[in-house]
Amino acid sequence: MPKHHPYSRRDFRRRWRLWLRRNQRLVAVSTVGLIGLIAVSVGVLTLLPDSGFRWWLMGALPTALVAGYFHLIHTAFLAHDANAIWHVRGAWSEDNTRSELQRAKRKRLVWGWVDSLGLQQGDIDHLVVTRMGGLVAVDSKWRSQVHDRAEMARAAHRMRLRAEALTRDLLKGDSRGTRRARVNPLSVTSVVVLWGAAQHGVPDGAKVDGIEFIAGRRFMDWLGQLDRQPVDRRAAAGIVRSLELKRAATDQARSARVAEERATRRVDD
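Reading guide: rules and limits
- All residue numbers refer to position in the chain's written sequence, counted from 1.
- For this predicted model, a pLDDT threshold of at least 70 governs which residues receive local features, and a threshold of 80 or more governs which side-chain atom pairs are given and counted, while totals over whole chains, interfaces and linings are taken from all residues.
- With hydrogens and water excluded, all non-hydrogen atoms of the structure serve as input to the side-chain values.
- By this definition, two strands are paired if DSSP reports at least two bridges between them.
- Each helix is a run of DSSP H or I of at least 4 residues and each strand a run of E of at least 2, with the numbering of both proceeding from the N terminus.
- Only heavy atoms matter for contacts: two residues are in contact if any of them lie within 4.5 Å across the pair.
- Angles here are taken between N-to-C directions and fall from 0 to 180 degrees, while the axes themselves are lines fitted to C-alpha atoms, restricted in helices to the stretch in contact.
- Cavities and pockets are defined on a 1 Å grid built over the protein atoms alone: a cavity is a set of grid points where a 1.4 Å probe fits but cannot escape, while a pocket is an open set with protein on both sides within 12 Å along at least five of seven lines, and lining residues are those with an atom within 4 Å of any such point.
- Grid points are joined across faces, edges and corners, and a volume is the space filled by probe spheres set on the points.
- Each residue gets one label: Ala, Val, Leu, Ile, Met, Phe, Trp, Tyr, Cys and Pro are nonpolar, Asp, Glu, Lys and Arg are charged, and the others, such as Gly, are polar.
- Here, the term nonpolar core denotes a set of buried Ala, Val, Leu, Ile, Met, Phe, Trp, Tyr and Cys residues that are joined through side-chain atoms within 4.5 Å.
- Exposure classes here rest on a 1.4 Å probe applied to the protein chains alone. A residue is buried below 20% of its type maximum, exposed above 50%, and partly exposed in between.
- Think of a salt bridge as a Lys or Arg side-chain nitrogen and an Asp or Glu carboxyl oxygen that are within 4 Å of each other.
- Pairing of aromatic side chains here covers Phe, Tyr and the six-membered ring of Trp, requires ring centres within 6.5 Å, and sorts the geometry by plane angle: under 30 degrees stacked, over 60 edge-to-face, intermediate tilted.
- Placement of a charge over a ring requires the Lys NZ or Arg CZ to be within 6 Å of the ring centre, with the centre-to-atom vector within 35 degrees of the ring normal.
- Here, expected helix span is obtained from the residue count minus one, scaled by 1.5 Å.
- The arc in question is formed by the directions pointing from the helix axis toward the C-beta atoms.

**Q** Which parts of the structure should I look at to understand the sheet that holds strand β5 (residues 207-208)?
**A** Sheet strands associate in pairs through backbone hydrogen bonding, adopting either a parallel or an antiparallel arrangement. In space, the six strands of this open sheet follow the order β1-β2-β3-β4-β6-β5, with mixed pairing throughout. The strands lining the two open edges of the sheet, one partner per strand, are β1 (110-118) and β5. Note: strand β2 (residues 123-130) against strand β3 (residues 135-142), four bridges, orientation antiparallel. Bridge assignment links Val-129 to a residue of β3, and that residue is Leu-135. Packing of helix α4 (residues 84-106) onto the sheet brings it into contact with β1, β2, β3 and β4 (188-195), and relative to β1 it is tilted by some 160 degrees.

Right, dumping it as structure tokens:
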């Protein structure tokens, strides 16, 4: 199965490509200027006495110029797109949560999980199949300060409803899953995992409108304390596999839709 990129990274790259297209002249002029500056710098350095330091400088200076060029272009993009930084933070938070889930799996706290489940309405950052706590729908956030607790709680509640509907449909498609769903349906717990400076102000057991808020550095400990609903290993493997197939189908449909939109724009142009 091809590598999957979370929504935040996909949208950041989409915005980056759009900004590059809109600023082709700026990027082209900057690139030509960079090449000229490198050529002049190397030309000046060739006039210096032959030494090991000169050769080192001839390698280090162009490298530093190229690095500075990319940094300036990236900074210009972030300065012009106010929402881009939020997607960067979103990618950081999802990456951190994914790292904690990998640790939790090695410690046999979870069976597996699926990242960035895109649905018709919204998406799910991480849907985790735990060993002792049913399913956990995780909404990862990166915040310096938290001013929107109620809104994050409402979003997490909507995410739980989406996860319940999704898993209900998946279990319905399997006869063994259907029997299990009738007798002991897998519960879905929705949580918000906070990263960044804001996580240090989150006390243990913090809840807003019934949604638990967890500091990122304590997430694995929280998973280890789950003791509500054991999940069979075979059932967990089936659920994870079905979720991955669902995500792959959604990604394929999204890619086809994007390709169609691009073709339509080219025809209109």
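Let's pick the thread back up.
**Q** Would you explain the layout of surface pockets in this entry?
**A** To locate leftover empty space, one rolls a probe as large as a water molecule over the atoms. When its volume is computed, the second largest pocket comes out at roughly 450 Å³. Lining the second largest pocket are 19 residues, with Glu-94, Asp-125, Asp-139, Ser-140 and Lys-141 sitting closest to its centre. Of all the secondary-structure elements, those providing two or more residues to the lining of the second largest pocket are α1 (7-22), α4, β2, β3 and α5 (149-172). Considering each element in turn, the lining of the second largest pocket owes the most residues, six residues, to α4. When the residues that make up the lining of the second largest pocket are grouped by side-chain class, the tally is five nonpolar, six polar and eight charged.

**Q** What is the right way to read the nonpolar core from this model?
**A** In summary, soluble globular proteins display a tendency toward joint burial of nonpolar side chains. By size, the foremost hydrophobic cluster in this structure holds 17 residues, and its most contacted members are Leu-117, Ile-124, Leu-127, Val-129, Ala-137 and Leu-243. Secondary-structure elements contributing two or more residues to this core are β1, β2, β3, α5 and α8 (233-268). Here the element with the most residues in this core is α8; it accounts for four residues. In contact with Leu-243, not counting residues within four places along its chain, are Val-114, Leu-117, Leu-127, Leu-166 and Leu-170. Grouped together as the second largest cluster of nonpolar side chains are 16 residues, Leu-101, Val-191, Phe-219 and Met-220 included.

**Q** Please clarify how the pattern of salt bridges should be interpreted in this entry.
**A** Here the idea is simple: oppositely charged side chains can pair when their charged atoms come close. The full count for this structure, using the stated rule, is 10 salt bridges. As a salt-bridge pair, Asp-139 and Lys-141 come within 3.8 Å of each other at their nearest N and O atoms. The partner of Arg-218 in a salt bridge is Asp-204, with the nearest N and O atoms 3.3 Å apart. Highlighted residues: Arg-218 in the loop between β6 (211-215) and α7 (219-224) and Asp-204 in the loop between β4 and β5, separated in sequence by 14 residues. The class of Arg-218 is partly exposed, set by a relative accessible area of 26%. The network of salt bridges with shared partners includes Asp-95, Arg-98 and Asp-115.

**Q** I keep staring at unusual backbone geometry and nothing clicks. Help me out?
**A** In most cases, non-glycine residues show a negative phi, while peptide bonds are predominantly trans. If you check the backbone angles, Ser-116 has positive phi at about 50 degrees while not being a glycine. Looking at where Ser-116 falls in the secondary structure, it is placed in strand β1.

**Q** How should I be thinking about the packing of aromatic side chains in this particular structure?
**A** Each aromatic ring pair is characterised by the separation of its centres together with the angle its planes make. One pass over the full model with this rule turns up seven aromatic pairs. When the ring of Trp-16 is compared with that of Phe-77, the centres are 5.2 Å apart and the planes differ by 75 degrees; the resulting orientation is edge-to-face. Residue Trp-16 is found in helix α1, and its partner Phe-77 is found in helix α3 (residues 52-80); the two are separated by 61 residues along the sequence. For Trp-16, a relative accessible area of 25% corresponds to the partly exposed category. Overall, Phe-77 belongs to the buried group, its relative accessible area being 0%. An aromatic cluster of three or more residues is present, and its members are Trp-16, Trp-19 and Phe-77. Its end group placed over the ring of Trp-55, Arg-54 keeps NZ or CZ at 4.8 Å from the ring centre. Its guanidinium or amino end placed over the ring of Trp-111, Arg-131 lies 4.1 Å from that ring's centre, counting from NZ or CZ.

**Q** What is the right way to look at helix α2 (residues 24-45) in this model?
**A** Given a rise of 1.5 Å per residue, 22 residues ought to cover 32 Å, and the 31 Å separating the end C-alpha atoms of α2 matches this to within 8%. Those residues of α2 not exposed but buried are Val-27, Leu-34, Ser-41 and Leu-45. Angular distribution of buried residues about the axis of α2 spans 55 degrees; they occupy a single face of the element. In α2, those exposed residues whose orientation departs by more than 90 degrees from the buried face are Gln-24, Arg-25, Val-29, Val-32, Ile-35, Ala-39 and Val-40.

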